Amino acid sequence: MSDKKTSNAMWGGRFAAGPDAIMEAINASIGFDKRMAKQDIDGSRAHAAMLAACGIITSSDADAISEGLLTILSEIERGEFPFSVALEDIHMNIESRLTDLIGEPAGRLHTARSRNDQVATDFKLWVREQFDAVIISLDALMLAFLGQAERGADMVMPGFTHLQVAQPVTWGHHMMAYVEMFARDKSRMIDARARMNTSPLGAAALAGTSFPIDREMTSKALGFDRPAANSLDAVSDRDFALDFLTGASICATHLSRMAEELVIWSSAQFKFVTISDRFSTGSSIMPQKKNPDAAELIRAKVGRINGSLIALLTIMKGLPLAYSKDMQEDKEQVFDSADSLMLALAAMTGMVQDMRPNEAELRIAAATGFSTATDLADWLVRALNMPFRNAHHVTGALVKMAEDQGCDLHELTLEQMQSVEKDINNDVYEVLGVDNSVASRTSLGGTSPENVRRQIKFWKAELS
């Protein structure tokens, strides 16, 4: 049978001729939805078993269908399955091949379901696996940051606001900030996975079915918490895909922020870190160059993922209930974003594991830019009982003096400081060192090494 005749048969008796080449090209989705072959087969096997249990088809037909579907899965996994554009999508490709293998029983598989609930089920199963994969990858990334934090709990570095040196912090504290960030990403993925875990199977085209099916049975077989409660919503819902893309966009944004820091930190101007050769490239013309290409590409991935989120939001925004063919455009966006996010997570995990902080450079930078000025102001409040606004003013005057002298705050003499505020004494020098500064930040969430180690212990237990 020719592809055209096969296509016409699949469309049924409504059309006298198959679609022309243009219609075939715009209508076919097999080029991308074949990625859901396993999910389609899992859903069909669960559906056939339920039909037999409910007496809608015979057990022998259900067994033949199940064995035939396993044969098809094996063909696909071996790369021997003959995908056909003329058969439009993965569902019809598998059903056609099942007919070739087992004959008439294959025609009973589609009883009490539609491609509408079938594709919604397949897509949910696929996206659910991506949630699980991302959660595992986030755990690995968080462990990589924990390793860096543990090695540098006491290591002093500059903390920035506006990319200007603000106050000293510890390397461990900076690393733990990303643990918190990616923990929120993990939480979002877990929440979204739980929210999406209802089964569309059995909703049929949009109105349910008159056959006495058992939706609880198929829901349980496929690992869903329960069947979707409304058949119209079940076939038209793509919130789970939007949830995945939203979580992916936020996570990619966090990856991009770290990537940007790696690009800056590894530059000759900063020299804060050395990125492994495994995640760097050279220049075709400048032999001295070591480019942080992996970080730059991670930084770019967020653009693709954000674009996919906007694309699917735009696709869904004008669709009346229930199913519209527009929804065929949902999968490529999610497939591409899942691939991009998983690759970016793996690359960032590798870079974080391999990167080496330059402790000497970090310490020098931490002491520049009058980074302990806030410590000085706090000391004036504590030691001299000075109102903070007055202390702020005195500190500003001392910073100006140090700027004029071309020195840092701790290099001013006591006499120079007393020319601005007569009650300052030698104790002030105890707070002007960067180590004393970070050690003093013991408030909840502060940068002190003591706090950092406490948080490392907490997150190790959480991730164990």
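Above this text sits the structure in question.
Residues numbered from 1 in each chain as written. Predicted model: local features only at pLDDT ≥ 70, side-chain atom pairs only at ≥ 80, totals over all residues. Heavy atoms only, no water.

*Asks:* Just to check I follow, could you spell out the overall build of the protein for this structure?
*Replies:* Tallying secondary structure elements over the protein gives 19 helices and 6 strands in all. A globule of 464 residues ought to have a C-alpha radius of gyration of about 23 Å, yet the protein, at 31 Å, is considerably larger. Viewed in the frame of its principal axes, the protein has a C-alpha envelope of about 100 × 55 × 40 Å. Per-residue burial for the protein yields a buried fraction of 50% across its 464 residues. Within the protein, contacts between residues separated by at least 24 positions form 74% of all contacts whose residues are at least 6 apart in sequence. Accessible surface, the protein as shown: approximately 21,800 Å² in total, 53% of it carbon and sulfur. Between the mean site of the 46 positive side-chain charges and the mean site of the 62 negative ones, the protein shows a separation of 1 Å. (Helix = DSSP H or I, 4+ residues; strand = E, 2+ residues; numbered from the N terminus. Rg over C-alpha atoms; globule rule 2.2 N^0.38 Å. Buried < 20%, exposed > 50% of the residue type's maximum accessible area, 1.4 Å probe, protein only. Contact = heavy atoms within 4.5 Å. Areas by Shrake-Rupley, 256 points an atom, 1.4 Å probe, with all protein chains shown as cover. Lys, Arg positive; Asp, Glu negative; His and termini not counted. Charge placed at Lys NZ, Arg CZ, Asp CG, Glu CD.)

*Asks:* Looking at this structure, I do not really get the nonpolar core. What am I missing?
*Replies:* Nonpolar side chains tend toward joint burial in soluble globular proteins. Counting residues in each nonpolar core, the largest one holds 77 residues, and the members touching the most others are Leu255, Leu262 and Met348. Listed by contribution, the elements that provide at least two residues to this core are α7 (115–151), α8 (171–196), α11 (239–265), α12 (293–316), α13 (330–354), α14 (359–366) and α19 (449–463). With residues up to four places along the chain from it excluded, the contact list for Leu262 reads Val273, Ile275, Ala295, Met348, Met351 and Met355. Core analysis: the second largest hydrophobic core is formed by 23 residues, Ile57, Leu69, Leu73 and Ile76 among them. (Core = buried A, V, L, I, M, F, W, Y, C linked by side-chain atoms within 4.5 Å.)

*Asks:* Would you mind showing me how to read the side chain of Glu261 here?
*Replies:* As for its position among the elements, Glu261 is in helix α11. No salt bridge forms around the buried Glu261; measuring N to O, its nearest opposite-charge neighbour Arg257 is 7.2 Å away. (Salt bridge = Lys/Arg side-chain N within 4 Å of Asp/Glu carboxyl O.)

*Asks:* Quick question: what am I supposed to make of the packing of aromatic side chains here?
*Replies:* The description of an aromatic ring pair uses the distance of the two centres, along with the angle that the planes make with each other. Counted by the stated rule, this structure contains 14 aromatic pairs. Ring centres 5.9 Å apart and planes at 20° place the aromatic pair Phe145 and Phe182 in the stacked group. Of this pair, Phe145 sits in helix α7 while Phe182 sits in helix α8, placing them 37 residues apart in sequence. For the pair formed by Phe145 and Phe182, the shared burial category is buried. With a centroid separation of 5.1 Å and 80° between ring planes, the pair formed by Phe270 and Phe272 is classed as edge-to-face. (Phe/Tyr/Trp six-rings, centres within 6.5 Å; stacked < 30°, edge-to-face > 60°.)

*Asks:* Sorry, what's going on with the packing of α7 against α8 here?
*Replies:* Between α7 and α8, the shortest axis-to-axis distance is 9 Å and the interhelical angle comes to 165°. As far as their axial angle goes, α8 and α7 are roughly antiparallel. Regarding α7 and α8, the two cross each other, and that crossing is left-handed. Of the residues in the contact of α7 with α8, the class split is 21 nonpolar, 2 polar and 7 charged. (Axes fitted to C-alpha atoms, helices over the stretch in contact; angles between N-to-C directions. Parallel < 35°, antiparallel > 145°, perpendicular 65-115°, else oblique. Left-handed = near helix turned anticlockwise from the far one by under 90°. Nonpolar A, V, L, I, M, F, W, Y, C, P; charged D, E, K, R; others polar.)

*Asks:* Please explain α11 as it appears in this structure.
*Replies:* An α-helical turn contains 3.6 residues, so any two residues separated by three or four positions project in the same direction. A rise of 1.5 Å per residue sets the reference length of α11, with its 27 residues, at 39 Å; its end C-alpha atoms lie 39 Å apart and thus fit the reference within 8%. Of all 27 residues in α11, 19 are buried; the element is thus mostly enclosed. (Expected span 1.5 Å × (residues − 1).)

*Asks:* I keep staring at a nonpolar patch on the surface and nothing clicks. Help me out?
*Replies:* Residues Leu206, Leu232 and Leu321 make up a contiguous nonpolar surface patch of roughly 270 Å² in combined accessible area. Relative to the helices and strands, Leu321 is located in the loop between α12 and α13. (Patch = residues over 30% accessible without salt bridge, like charges linked within 9 Å, V, L, I, M, F, W, Y side chains within 5 Å.)

*Asks:* Help me understand the pairing of strand β1 (residues 156–161), please; the structure alone is not making it clear to me.
*Replies:* A regular strand places its side chains on the two faces of the sheet in alternate fashion. By the bridge criterion, 6 bridges tie β1 to strand β2 (residues 164–170) in an arrangement that is antiparallel. Its bridge partner being in β2, Thr161 is matched across the sheet by Gln164. Connecting β1 to the antiparallel partner β2 that follows it, the hairpin turn spans 2 residues, and His162 within it adopts a positive phi of roughly 60°. (Pairing = 2+ DSSP bridges.)

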